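Each chain, letter by letter, is given below.
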Amino acid sequence: MIDLSNITLISVSQPCTDTKIAEIELKLFKKFPKQYVMFLTQSDGFESDIVRLYSISEIEERNVTYEVDKYCPDFINIGDDGGGSAIMLKNSFFLDYKVYLVGHGVMTPAFMEVIGDDFCSWLADGCPLEALN
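Below is a summary of the structure that appears in this document. (Residues numbered from 1 in each chain as written. Predicted model: local features only at pLDDT ≥ 70, side-chain atom pairs only at ≥ 80, totals over all residues. Heavy atoms only, no water.)

Regarding the overall build of the protein
To keep it simple, the criterion reads: Numbered from the N terminus, helices here are DSSP runs of H or I no shorter than four residues, and strands are runs of E no shorter than two. The atom set for the radius of gyration is the C-alpha atoms, and the globule formula is 2.2 Å times the number of residues raised to the power 0.38. Residue burial is assigned from relative accessible area. The probe radius is 1.4 Å, only protein chains are included, and a residue is buried under 20% of its type maximum, exposed over 50%, and partly exposed in between. Any two residues whose heavy atoms approach within 4.5 Å are treated as being in contact. The accessible surface values rely on the Shrake-Rupley method and a 1.4 Å probe; as for residues, cover is taken only from the protein chains in view.
What the protein contains, in helices and strands, is five helices and seven strands. Beginning at the N terminus, the succession of helices and strands in the protein can be written as β-α-α-β-β-α-α-β-β-β-β-α. The C-alpha radius of gyration of the protein comes to 13 Å, within 12% of the 14 Å expected for a compact globule of 133 residues. With the principal axes as the frame, the protein shows a C-alpha extent of 35 × 35 × 25 Å. Across the 133 residues of the protein, 46% fall into the buried class. Excluding contacts between residues fewer than 6 apart, the proportion of contacts in the protein whose partners are at least 24 apart in sequence is 52%. As presented, the protein carries roughly 6,800 Å² of accessible surface, and 54% of it is formed by carbon and sulfur atoms.

Here it is in structure tokens:
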């Protein structure tokens, strides 16, 4: 079970099915990291006081709208901070489990900041948005 106890949750979605996750992975030609898949099967997104993690049905639309494949082809946009920045994970084929933050207007890897060493610890820490040192 993924720890969400340090997050002030406004709303939490019902769990997502493995079938729906696989469907969106195929549509995006991406493979979600295992920790993120575990999260989706526990909660299909949520809204907190500082971040919004998209539901599986929103992920495809957000990645297409923000042209993630064009500007950050190795990444998946999984949420935002409500202030113009995207929360990103790397496609699991790359074995990079960090959580990244990047402005929607400069969405390239060169402008990304690492905000978590891995998805589960980032959630357990309360979804901090400050860059790690």
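Read on, since the account is not over.
Examining unusual backbone geometry
With phi around 50 degrees, E67 is a residue other than glycine that occupies positive phi space. The class for E67 is partly exposed, based on a relative accessible area of 38%. Unlike most non-glycine residues, C127 shows phi in positive territory, near 65 degrees. With respect to the helices, strands and loops of the structure, C127 is situated in the segment after α5 (119-124).

Here's the deal with the sheet that holds strand β1 (residues 9-12)
Operational definition: In short, DSSP must find at least two bridges between two strands for them to pair. A fitted line through C-alpha atoms represents every axis, and for helices the fit uses only the stretch in contact; the resulting angles, taken between N-to-C directions, go from 0 to 180 degrees.
One open sheet holds the seven strands; their spatial order is β1-β2-β3-β4-β5-β6-β7, and the pairing between them is antiparallel. Looking at which strands have only one partner, the edges of the open sheet turn out to be β1 and β7 (113-116). Two strands pair when backbone bridges link them, and strand β4 (residues 75-80) and strand β5 (residues 85-90) are joined in this way by five bridges, in the antiparallel orientation. Note on β5: the bridge partner recorded for F75 is K90. Most of the contacts of helix α3 (residues 56-65) go to β4, to which it runs at about 110 degrees, and overall it touches β3 (52-53) and β4.

What to know about the state of the cysteines
This is how it is decided: Defined by distance alone, a disulfide is two cysteine sulfur atoms within 2.5 Å.
Counted according to the given criterion, the structure contains zero disulfides. Its sulfur unpaired, C120 is 11 Å from the next cysteine sulfur, which belongs to C127. With a relative accessible area of 0%, C127 lands in the buried category.

Considerations on the nonpolar core
Rules: We define the nonpolar core as a collection of buried residues of types Ala, Val, Leu, Ile, Met, Phe, Trp, Tyr and Cys that are connected through side-chain atoms lying within 4.5 Å of one another.
Judged by nonpolar contacts, the single largest core of 29 residues is most densely connected at F32, F39, F119, W122 and L123. The set of elements that each furnish at least two residues to this core consists of α1 (18-28), α2 (34-42), α3, β4, β5, β6 (99-103) and α5. A total of four residues in this core trace back to one element, the largest contributor, which is α5. When near neighbours in sequence (up to four residues on either side) are disregarded, F119 contacts Q35, Y36, F39, L53, I78, L89, Y97 and V99. Among the nonpolar cores identified, the runner-up in size contains nine residues, and F75, A86, Y100 and M112 belong to it.

Here's the deal with the pairing of β4
For a regular strand, the rule is simple: side chains alternate between the two faces of the sheet. Burial of β4 is extensive: six of the six residues sit out of reach of the surface. Bridge count for β3 against β4 is two bridges, and the pairing is antiparallel. Each residue of the ladder has a partner; that of R52, found in β4, is D80. From the end of β4 to the start of β5, which pair antiparallel, there are four residues, and G82 there has a positive phi angle of about 75 degrees.

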